[in-house]
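What follows is each chain in one-letter form.
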Amino acid sequence: MSSPKKHDIVHSSIIHDSAAKQVAGCAEYIDDMAEPAGTCHAYLGLSECAHGTIKSIDLGAVAAANGVICVLTEADIVGPNDISPTGLKDEPIFASKIVSFFGQPIFGVIAETRDQARRAAKLVKVKYEVLPHHLSVEAALENGAELVTKPLTLKRGDSTTELANAPHRLSSTLEIGGQDHFYLEGQIAFAIPGEDDDVLVYSSTQHPSEVQHMVAHALGVKNNAVTVKIRRMGGGFGGKETQSNLFAVVAAIGAKKLDRAVKIRPDRDDDMVATGKRHDFVVDYDIGFDDTGKILALEANFAARCGFSADLSGPVTDRALFHADNAYYLPAVTLTSQPLKTNTVSNTAFRGFGGPQGILLAERMIEEIAYALKKDPLEIRKANFYGTKSNNITPYHQEVTDNIIHRIVDELEISSDYQARRAAVLAHNKTSAIIKRGIALTPVKFGISFTATWYNQAGALIHIYQDGSIQLNHGGTEMGQGLNLKIAQIVASEFGLPISEIKITATATDKVPNTSATAASSGSDLNGMAALNACQQIKARLAEFAINLSSEKAGSLEYVQGEVLVGDKRFAFADFIKQAYMARVQLSAAGFYKTPDIHWDREKGQGRPFFYYAYGASVSEVAIDTLTGEYRIERVDILHDVGKSLNPAIDIGQIEGGFVQGMGWLTSEELVWHADGRLLSHAPSTYKIPLASDVPPIFNVNLAEWSSNPERTIRRSKAVGEPPLMLASSVVEALSMAVASVVDYESCPRLNTPVTPERVLLALTDLQNSSGSS
Amino acid sequence: MSTLPFRNFIRFILNDKVIELDELAPTQTLLDFVRLSERLVGTKEGCAEGDCGACSVLVGRLSDGVLSYETVNACIRFTASLDGCHVVTIEHLVGKEGALHPVQQAMVDHHGSQCGFCTPGIVMSLYALWMNNPRADANQIEQALQGNLCRCTGYAPIVRAAKSVLSDGGQSNDPLIAERGEITAKLDGFQDGVRVEMSGGEGKIILPASVDDLAKIFLSNPEATLVAGATDIGLWVTKHMRPLPMMVFTGHLDALRSVLEGEDAVSFGAGVTYSEFFSTIMQKFPQLEDFWMRIGGQQVRNMGTIGGNIANGSPIGDTPPALIALGAAITLRKGKARRFVALEDYFIAYGKQDRSPGEFIESISIPYLHTGDQFAVYKISKRREEDISTLCGAFNLRLDGNNRVAKIAIAFGGMAGIPQRANRVEKALLGQTWNEANIKDALELFGVDYQPLSDVRGSATYRMLSAQNLLRRFYMYTQGTAEELQRSVS
């Protein structure tokens, strides 16, 4: 029984543990670390052909360049030349015979300085026999639609019959663009050789265990020879889940070959060219609905540009299907994925992991119905929300038991003054000739858990030292999201200590083994519970020890504000710990957690892949310029569910940041490839993430403070990393409304994403032309 | 002449330390210098092209004896250009007892950092704003942050931090304010007015003693690369790794940074930066105010020069379309000879300008608008701020007493291989009544004037359609019926 008087450091807005260091410039990132004597620098040589056979490769000039120590090729890889995270053996470290995308690593070079290595890498001469290349979903479909991994079908009911019988039916296509992670700190790894087979790799990674496995694999050594550490990343967003493997492996190969420390850091352009991004999709859909706008059936095919290898495209495209319902009940549904092979960089995890693309389709579907029936899309949304007692089975046959979308949306509709503002927007558009406005309210329901069920486990390691100070380690990684702080809050709370008593140390594979990626929003859910378990183990031992400290034999034991209350006695925490040590109590524990009650049968497309759902909703209001397609996002209101927040300030930071990142994905961030396969948008000069001045000037973000996770998660909180990204879908639908106004909303605009000013202008011009001609 | 005194080293102050360098690769960037040579690793590399601001530092410079600081992108600023300056990195902000600066503390209190990688750069940008404009409003905060990308926070907490510290107003405990006198004296002592000439293993660095000296040097070394703000040349080095064996720096020449507001025109040195020219824009060309603040980010505006913008001959050009429409002219100098060229004639074809070897742009003049002239410039870009134009159109119109077009200049960037006038459109409108019907008739002539390309910034179709629509917008503007997007921040 937890005592109500306990000061709870959890659920309070404590400042990020690294904040003071970050603002002072002394928070250390890998490139900032002091380098051992003899440190040298690796750089990658990239292909300049989208698909071809390497006829010859001349590395003479590279090897002879100023400062060069050696080149690295396939011959330097002791183990298999493969870093495919799914074990499909489809992703070489260095492409040696066939290159499959423009920018694929084909060799490495190591020099005394990074500048020398970088310059040397450009001196290679490669002759290719060019093979036909397919860059886009369309091109892949036209050329045999080769898949990189096994597709998924989700099916419930008889969608074919229900579509045929539906009073209304419409079908269309939605194209959804990809997104570069644009973490501010690019990929980096720093390998320091040790004795025997040992190597220590500092890697900016969300998945130290996988880096460990990949490095061991490539070096042909056991996992126990490789230690991977990461104190903090300068952003990850999914881009360092598998994409860090390449750099870590190359640094480690170099370090073992030369017996010198080797660092590798690609420049921004190479980082963007050679590492994977969010998947772009082409979704064909067919919807049936009734006169009230209730969906009767949906069939949709999600064709994804996966790039040349599988990477995480299987689970990403799966998750797109898992979220094609968003918050809506689909009585009869067939969803299929088509993970297509293309001659582009292999697409990968990115915040939301396919879910956002699924949700975008769901919201477009609602808009289509609303335009067809000439109703406010919000009315259609509400008509289709999952029920709480009935109409609550998902296309993957999981029952939605924690549905709070009705309350979220109702509250937001009122707090944002949606109805009055929508009326004002409609009135404005009647009289304004050039500037048109739009407003939209969209919900989010996001499933929490790795769909790879075995990933839903975590470990933590807690040491209490004799002075009462605590060192905390867990399997999660810190990329700015405040995970370390949240776990430290839990530990501090368990021992009734101020947060300053908890020292958070770098994630390290030699402290907590066999960790899962810090991904799927699961960091605090999994690692928080593991840390709690470690605390409980130590506390159980301390409780046994404390029995003899008090005259009241069955007395209580409490940890309150730096003190330990044992029955009628009080001890300073440090004194209590010192006594426990003297009494030979073990003050260290390894905690463990696995998510209960989840299971998933991919073959059948049935199960309970998600432990619970996180919910939210947003209202966006925009204005567009019908002469140029330029627009402004003027106001955004968000109400989001994080259960009982572990740290409201951190969670609001995730929501604000996630929304703006989603907004960038859907508006200004456009990936453009040249016909020859080169990525043209490969630096911030050509790839435009949002700026401070793009953030809505009115930006109201609130937590659904009444929410508490009905599942037994850590302190009844909910995951927050990914779900808020999709709140940005309201921006697309608001822009869509503004565009539709030019033809008095008579049809739903064809608006693919990202909705650049160009797309806005061309969409409204198309509407005007087709309206004029009909 | 060869007996003139010269110096074979550069010197500047880095935080509290005097740096003297007599050996330096001409292309070494300030970022590499502070991180690799000085191990001041608080300043980060995010993009190495002046776009993300993670490398933002302050550079203080004496001008007419007054010391002023501004943010620059260390990633594309060449170390050699810092002779006589005070470079301030994030490490200098923390007080003697480790106390955070008020700007830093506000960032902490408002949860303004998440991953923290952009944070030092953001702090430096906000610090410069706080120092130079302690009462900055929300709009100015956004402008100060235009050159800083953050991928985590969505900026909201950063803006909250900025608002909070700027409303405090007090500027106590500030290292730069405390040491202003001392630094001014030191930098003043550095001003010896002599040429700096350094030959390293990898090339040669020259900092001319004067504009005349520059003319002489460039005449005898026409293959040298002239570097003013380095916002373009910096990328030749960081992105393309181009060897630049001889670099002649001009940023220290005050004579190239003077602005003379005359009777009929403003004349100014080619080295005037966008930031320095902003007060003239406000006074004389207020129609350009919004456009001006959409060029680059604050750091790029602090570094980049109008002369450099013209000289590099970009087909888009930030300022050329507007300056061409205004009838600007440039003075080209070669040795002692000067010639004057209308700006529109300077651009000949893609990659080709009317400039001979050894010749450089010395100054620019822009005639003022006559009373009653109507002028507007419109920039369209994928992202509104800190983006290169997809296209940019400038319109300058004079009507006679009968509402007929007496004079019109329309210039576009991003529509051709060079910034170029819309000659056929202009011709069709000249002498005609300024009304909707005539505008409409002229629109199709854009297709004669321009054959735009499709590229990463936009399609040819979009460029053509929106260029035509910009003429329509300009017409509405002259009729007082233009509706424009607003951004109202409070």
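Computed from a prediction, not measured in an experiment: that's the story for all the values here.

Colleague: Would you mind showing me how to read the packing of helix α17 (residues 436–443) of chain B against helix α19 (residues 460–479) of chain B here?
Modeller: Packed helix pairs are specified by the crossing angle of their axes together with the interaxial distance, meaning the distance between the axes. All names here are of chain B. For the pair α17 and α19, the least separation of the axes is 10 Å and the interaxial angle reads 165 degrees. As judged from the angle between their axes, α17 and α19 are roughly antiparallel. Helix-helix and strand crossings are classified by hand; for α17 and α19 the assignment is right-handed. Of α19, the residues touching α17 (which contributes E436, I439 and L443) are Q468, L471, R472 and Y475. The residue inventory of the contact of α17 with α19, partitioned by class, reads four nonpolar, one polar and two charged.

Colleague: Explain the interface of chain B and chain A to me, please; I cannot follow it from the model alone.
Modeller: Many structure descriptions define interface size as the accessible area lost when the parts assemble. Listed by partner, the interface residues are 63 residues for chain B and 70 residues for chain A. Looking at the side of chain B that touches chain A, the elements that each hand over two or more residues are α2 (102–109), α3 (119–132), α5 (156–168) and α19 of chain B. In terms of residues, the side of chain B that touches chain A owes the most to one element, α19(B), which gives six residues. Taken together, the residues that form the side of chain B that touches chain A break down as 31 nonpolar, 16 polar and 16 charged.

Colleague: I keep staring at the domain arrangement of chain A and nothing clicks. Help me out?
Modeller: Residues and elements named next belong to chain A. The domains assigned to chain A are domain 1 (35–132 + 181–274), domain 2 (280–451 + 602–773) and domain 3 (457–594). Its C-alpha centre places domain 1 at a distance of 36 Å from the equivalent point of domain 2. On the domain 2 side, the residues contacting the 25 residues of domain 1 number 24 residues. Its residues assigned to classes, the side of domain 1 that touches domain 2 comprises 10 nonpolar, 10 polar and five charged.

Colleague: I tried to follow the sheet that holds strand β1 (residues 6–7) of chain B on my own but got confused; where do I start?
Modeller: Strands pair in a sheet through their backbones, by hydrogen bonds, and they do so in one of two ways: parallel or antiparallel. Residues and elements named next belong to chain B. Strands sit in the order β1-β7-β8-β10-β9 across an open sheet of five strands; the sheet is mixed. Across the chains shown, the open sheet's two edge strands, defined by having one partner strand only, are β1 and β9 (225–227). Summarising the sheet, β9 and strand β10 (residues 246–249) pair through three bridges and their orientation is parallel. If you follow L226 over to β10, its bridge partner there is V248. Docked against the sheet, helix α8 (residues 211–220) engages β7 (195–200), β8 (203–207), β9 and β10, running at close to 165 degrees with respect to β10.

Colleague: Explanation requested: the environment of M124(B) in the structure shown.
Modeller: When you line up the elements, M124(B) lands in helix α3. For M124(B), a count of 30 C-beta atoms within 10 Å gives the class buried.

Colleague: Please explain helix α18 (residues 729–740) of chain A as it appears in this structure.
Modeller: Two residues of an α-helix separated by three or four positions point the same way, owing to the 3.6 residues in each turn. Compared with the 16 Å implied by 1.5 Å per residue over 12 residues, the 17 Å span of α18(A) between its first and last C-alpha is a close match. Inspection of α18(A) places S729(A), S730(A), V731(A), V732(A), E733(A), A734(A), L735(A), S736(A), M737(A), A738(A), V739(A) and A740(A) among the buried residues, and these make up the whole buried set.

Colleague: I tried to follow the confidence of the model for chain A on my own but got confused; where do I start?
Modeller: The predicted structure's coordinates, where accompanied by low pLDDT, should not be read in detail. Of all residues in chain A, 98% have pLDDT values of 70 or greater, and the mean over the chain is 96. Per-residue pLDDT stays below 50 along residues 1–5 of chain A; that stretch engages in one contact with residues further than four places along the chain or on separate chains.

Colleague: So what exactly am I meant to see when it comes to the pairing of strand β2 (residues 52–58) of chain A here?
Modeller: For a regular strand, side chains alternate in direction, first toward one face of the sheet and then toward the other. Residues and elements named next belong to chain A. Summarising the sheet, β2 and strand β4 (residues 98–99) pair through two bridges and their orientation is antiparallel. Considered in β4, the bridge of T53 is made with I98. In terms of strand pairing, β2 meets strand β6 (residues 125–130) through six bridges, oriented antiparallel. Within the sheet, the bridge partner assigned to T53 lies in β6 and is E129.

Colleague: Mind showing me how you'd approach the domain arrangement of chain B here?
Modeller: On domain assignment, one finds that chain B holds domain 1 (6–91 + 180–249), domain 2 (102–172), domain 3 (255–367) and domain 4 (374–479). Computed from C-alpha coordinates alone, the two centres of domain 2 of chain B and domain 4 of chain B are separated by 38 Å.

Colleague: How do you make sense of the environment of S337(A) when you look at a structure like this?
Modeller: All names here are of chain A. In this fold, S337 is placed in strand β15 (residues 333–340). We classify S337 as buried; it has 29 C-beta atoms within 10 Å. For the pair S337 and L321, spaced 16 residues apart in sequence, the C-alpha separation works out to 7.1 Å.

So, how was this worked out
Residues numbered from 1 in each chain as written. Chains lettered and ligands numbered in written order. Predicted model: local features only at pLDDT ≥ 70, side-chain atom pairs only at ≥ 80, totals over all residues. Axes fitted to C-alpha atoms, helices over the stretch in contact; angles between N-to-C directions. Helix = DSSP H or I, 4+ residues; strand = E, 2+ residues; numbered from the N terminus. Parallel < 35°, antiparallel > 145°, perpendicular 65-115°, else oblique. Left-handed = near helix turned anticlockwise from the far one by under 90°. Contact = placed C-beta atoms within 7 Å. Nonpolar A, V, L, I, M, F, W, Y, C, P; charged D, E, K, R; others polar. Domains from an automatic or database assignment. Pairing = 2+ DSSP bridges. Buried ≥ 20, exposed ≤ 12 C-beta atoms within 10 Å, placed from the backbone. Expected span 1.5 Å × (residues − 1). pLDDT = per-residue confidence, 0-100.

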